[in-house]
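Chain by chain, the residues run as shown.
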Amino acid sequence: MCVKTITSFPESSPAIDGAVSLFNSNNGRLLLIADAKEITARRTATASFLATQLLAFKKWKNEQKENAILTILGCGVQGRAHLDVFTQLFKWNKVKKKKR
Ligand SMILES: NC(=O)C1=CN([C@@H]2O[C@H](COP(=O)(O)OP(=O)(O)OC[C@H]3O[C@@H](n4cnc5c(N)ncnc54)[C@H](OP(=O)(O)O)[C@@H]3O)[C@@H](O)[C@H]2O)C=CC1
Ligand SMILES: O=C(O)C1=NCCCC1
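Residues numbered from 1 in each chain as written. Chains lettered and ligands numbered in written order. Predicted model: local features only at pLDDT ≥ 70, side-chain atom pairs only at ≥ 80, totals over all residues. Heavy atoms only, no water.

K.L.:
Account for the packing of aromatic side chains, naming residues and giving values.
P.N.:
Counted under the stated rule, the structure contains eight aromatic pairs. Ring geometry for Phe57 against Trp60: centres 5.2 Å apart, planes inclined by 70°, an arrangement best described as edge-to-face. Classification of Trp60 by relative accessible area gives partly exposed; the value is 26%. Taken together, a centroid distance of 3.8 Å and an interplanar angle of 10° make the contact between Phe57 and Phe90 stacked. Placement of the pair is Phe57 in the loop between helix 1 (36-55) and helix 2 (62-66) and Phe90 in the loop between helix 3 (77-89) and strand 5 (94-98), with a sequence separation of 33 residues. An aromatic cluster of at least three residues, connected via ring pairs, comprises Phe49, Phe57, Trp60, Phe86, Phe90 and Trp92. (Phe/Tyr/Trp six-rings, centres within 6.5 Å; stacked < 30°, edge-to-face > 60°. Buried < 20%, exposed > 50% of the residue type's maximum accessible area, 1.4 Å probe, protein only. Helix = DSSP H or I, 4+ residues; strand = E, 2+ residues; numbered from the N terminus.)

This is the structure in structure tokens:
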């Protein structure tokens, strides 16, 4: 059994904090408490990549793949996690990062 507790304070930096608690589902014992920031960052970026692959990459012709540009808007925790996952799993012609 697993519970994730998240706080979201958009004016704070980073905006998201929290904890993941994992319990043994046979006896209810607490097994671990982990940082939810890291897990949420990796989970969300991986889900974005899978969605992009199913909805876009699979339908692209070779020419579109060769000319693809990745643009990251906002360079916080999610921006960095998305940059990591999207550049590791797909080859881009150009990568742009937009900060304010
Ligand atoms: N769908 C999902 O599962 C999830 C969604 N989220 C959402 O993703 C978003 C980002 O979260 P996270 O990366 O953790 O937050 P962070 O606080 O780590 O990063 C937010 C970034 O946005 C930048 N930013 C804020 N306002 C502007 C602006 N006007 N123009 C350009 N950049 C701006 C900040 O810049 P600066 O450093 O200058 O302040 C900061 O780098 C949030 O809306 C959050 O709710 C998060 C986790 C999971
Ligand atoms: O963990 C999630 O999923 C979140 N979604 C929206 C913003 C906060 C975290």
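The structure having been displayed, the exposition proceeds.
K.L.:
Give a detailed account of the site of ligand 1, specifying residues and quantitative values.
P.N.:
The environment of ligand 1 is formed by Pro14, Ala15, Ile16, Thr40, Arg43, Thr44, Cys75, Gly76, Val77, Gln78 and Arg100. Within the side chain of Arg43, an N or O atom sits 3.1 Å from an oxygen atom of ligand 1. In this structure, Gln78 approaches ligand 1 through a main-chain N or O atom, which is 2.7 Å from an oxygen atom. A total of 930 Å² of accessible area belongs to ligand 1 in isolation, and the protein chains cover 50% of it. Every element with two or more residues in the shell around ligand 1 is listed here: helix 1 and helix 3. Among the elements that take part in the shell around ligand 1, helix 1 stands out by supplying three residues, more than any other. (Near = heavy atom within 4 Å. Polar contact = N/O pair within 3.5 Å; in protein donor to acceptor, adjacent residues only side chain to side chain. Areas by Shrake-Rupley, 256 points an atom, 1.4 Å probe, with all protein chains shown as cover.)

K.L.:
Could you give an account of the site of ligand 2, naming the residues involved and the relevant values?
P.N.:
Taken together, Lys4, Ile6, Ile16, Thr40 and Arg43 form the complete shell of residues around ligand 2. Between ligand 2 and Arg43 there is a distance of 2.9 Å, counted from an oxygen atom to a side-chain nitrogen or oxygen. Expressed as a share of its isolated accessible area of 260 Å², the protein-covered part of ligand 2 is 50%. Counting residues per element, the ones that place at least two in the shell around ligand 2 are strand 1 (2-8) and helix 1. Of the residues in the shell around ligand 2, the class split is two nonpolar, one polar and two charged. (Nonpolar A, V, L, I, M, F, W, Y, C, P; charged D, E, K, R; others polar.)

Note that every value here comes from positions in space, so none of it alone points to a role or purpose.
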